[in-house]
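# Summary of structural features
Residue strings, one per chain:
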Amino acid sequence: FIIISHGGDYLLGLKDNQPTLHQLAQSKLTDIPDEWVSDWEKDHGRLERRRLARVDLDQDISPFPGARQLIRSTREWIEGKSTELKSETHGFII
């Protein structure tokens, strides 16, 4: 990677089009507790918070040179006057 050779870091989103890495992230992050949880914030007519978890990644396993961690980011929100909690989760490699 050019990024690493110039001393930089990267954060890449994991998608279904990378099934092996996506499945690896899901298996390693499934039972990992959140390390950070934001406060509930009200903005744009909704209450929202974010949760993050991470796990160290064995360099031998990763198809990305220099990759050190897998991250799970979960966004939870309640729209307007609704009481329904919605969420979406994304995986990243760093």
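Structure first, text after, so check above.
Let us look at the structure shown here. (Residues numbered from 1 in each chain as written. Predicted model: local features only at pLDDT ≥ 70, side-chain atom pairs only at ≥ 80, totals over all residues. Heavy atoms only, no water.)

Across its full length, the chain holds two helices and six strands. Start at the N end of the chain and walk to the C end: the helices and strands fall as α-β-α-β-β-β-β-β. By the compact-globule yardstick of 12 Å for 94 residues, the chain is too spread out, its C-alpha radius of gyration being 16 Å. Seen along its three principal axes, the alpha-carbon backbone of the chain occupies a region of about 50 × 30 × 25 Å. Here the contacts in the chain between residues at least 6 apart in sequence split such that 47% fall between residues at least 24 apart. Counting 13 positive and 16 negative side-chain charges, the chain places the averaged centre of each group 5 Å from the other. (Helix = DSSP H or I, 4+ residues; strand = E, 2+ residues; numbered from the N terminus. Rg over C-alpha atoms; globule rule 2.2 N^0.38 Å. Contact = heavy atoms within 4.5 Å. Lys, Arg positive; Asp, Glu negative; His and termini not counted. Charge placed at Lys NZ, Arg CZ, Asp CG, Glu CD.)

With that settled, consider the environment of serine 73. Note that serine 73 resides in strand 5 (residues 69–79). Once the C-alpha coordinates of serine 73 and histidine 22 are considered, the two residues, 51 residues apart in sequence, prove to be 14 Å apart.

Once that is clear, we can look at the packing of aromatic side chains. Counting across every chain of the model gives zero aromatic pairs. When the ring centre of tryptophan 77 is taken as reference, the NZ or CZ atom of arginine 75 above it lies at 3.9 Å. (Phe/Tyr/Trp six-rings, centres within 6.5 Å; stacked < 30°, edge-to-face > 60°. Lys NZ or Arg CZ within 6 Å of the ring centre and 35° of its normal.)

When strand 1 (residues 12–14) meets strand 6 (residues 86–93), the two strands line up antiparallel, connected through three bridges. Across the sheet, the residue bridging to glycine 13 is phenylalanine 92, located in strand 6. Sheet topology places strand 5 next to strand 6; eight bridges connect them, and they run antiparallel. Following the sheet pairing, leucine 70 is matched in strand 6 by isoleucine 93. Hairpin connection between strand 5 and strand 6: a loop of six residues separates the two successive antiparallel strands, and glycine 80 in this loop has a positive phi of roughly 45°. (Pairing = 2+ DSSP bridges.)

Accessibility expressed as a relative area gives 16% for serine 73, which makes it buried. Excluding anything up to four places from it in sequence, serine 73 contacts Arg51, Leu52, Glu88, Thr89, His90 and Phe92. (Buried < 20%, exposed > 50% of the residue type's maximum accessible area, 1.4 Å probe, protein only.)

A few words now on unusual backbone geometry. Residues apart from glycine generally show negative phi values, whereas peptide bonds are mostly found in trans. Positive phi, normally seen in glycine, also occurs at histidine 44, with a value near 55°. Within the fold, histidine 44 resides in the loop between strand 3 (41–43) and strand 4 (46–56). The exposed category is assigned to histidine 44, whose relative accessible area is 65%.

In this section: the nonpolar core. By size, the foremost hydrophobic cluster in this structure holds 12 residues: Tyr10, Leu14, Leu21, Leu24, Ala25, Leu29, Val55, Leu57, Phe64, Ala67, Leu70 and Ile93. Broken down by element, the residue count for this core peaks at four residues, all from helix 2 (residues 19–29). (Core = buried A, V, L, I, M, F, W, Y, C linked by side-chain atoms within 4.5 Å.)

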